[in-house]
Amino acid sequence: DGVRQFARDAGEEWEFLRVTPDEFRDLGDRVLMLGHFDGRGRASGMDVRFPVGWVAEVYEGKITRMRSYSDPHEALAAVGLRE
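So, here is what we can say about the structure in this document. (Residues numbered from 1 in each chain as written. Predicted model: local features only at pLDDT ≥ 70, side-chain atom pairs only at ≥ 80, totals over all residues. Heavy atoms only, no water.)

Under the counting rule described, the total for this entry stands at six salt bridges. Notably, a salt bridge pairs arginine 40 with glutamate 15, separated by 3.5 Å at the nearest N-O pair. Of the two residues, arginine 40 sits in strand S2 (residues 30-41) while glutamate 15 sits in strand S1 (residues 14-26), which places them 25 residues apart along the sequence. The exposure class assigned to arginine 40 is partly exposed, which follows from its relative accessible area of 25%. As a salt-bridge pair, glutamate 57 and arginine 65 come within 3.3 Å of each other at their nearest N and O atoms. The network of salt bridges with common partners includes Glu15, Arg40 and Asp47. (Salt bridge = Lys/Arg side-chain N within 4 Å of Asp/Glu carboxyl O. Helix = DSSP H or I, 4+ residues; strand = E, 2+ residues; numbered from the N terminus. Buried < 20%, exposed > 50% of the residue type's maximum accessible area, 1.4 Å probe, protein only.)

See below:
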């Protein structure tokens with residue numbers, strides 16, 4: 001439900017929004033994804049690109065919770081990693 005709401009909200013604010021995962025790390029019951037957003041603001045017309053990170057908790061092969069981070073270093077720290 002949260003992902004669906006995010007997509008609805010994003011459609012109102014962004015002319016286009018593309019999420020590109022660049023790296024996946026299998027951490028057992030969690031998956032770390034590092035990547036970036038590309039988008040164009042609907043009101044401003046400005047193109048943006050910024051790095052992001054996600055941590056997904058997995059149970060029986062399904063994502064049960066996902067948290068996004070606007071700073072990939074925060075996503076790494078959330079799973080006990082540093083780079």
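Let us keep going from here.
When its relative accessible area of 46% is taken as the criterion, glutamate 15 is described as partly exposed. Along the backbone, glutamate 15 and glycine 80 are 65 residues apart, and their C-alpha atoms lie at a distance of 35 Å. For glutamate 15, the residues in contact, after removing those within four places along its chain, are Arg40, Gly41 and Arg42. (Contact = heavy atoms within 4.5 Å.)

Empty space among the atoms becomes visible once a probe the size of a water molecule is rolled across them. Considered as a void within the structure, the largest pocket measures approximately 370 Å³ in volume. As for the largest pocket, its lining consists of 15 residues, of which Phe6, Phe37, Trp54, Met66 and Ser68 are closest to the centre. Elements supplying a minimum of two residues to the lining of the largest pocket: helix H1 (2-13), S1, S2, strand S3 (47-59) and strand S4 (62-69). At four residues, the largest contribution of residues to the lining of the largest pocket is made by S4. Residues that form the lining of the largest pocket fall into these classes: eleven nonpolar, three polar and one charged. (1 Å grid on protein atoms, 1.4 Å probe; cavity = no way out; pocket = protein on both sides within 12 Å on 5 of 7 lines; lining within 4 Å. Points joined across faces, edges and corners; volume = space filled by probe spheres on them. Nonpolar A, V, L, I, M, F, W, Y, C, P; charged D, E, K, R; others polar.)

Honestly, it's all geometry; don't read function into it.
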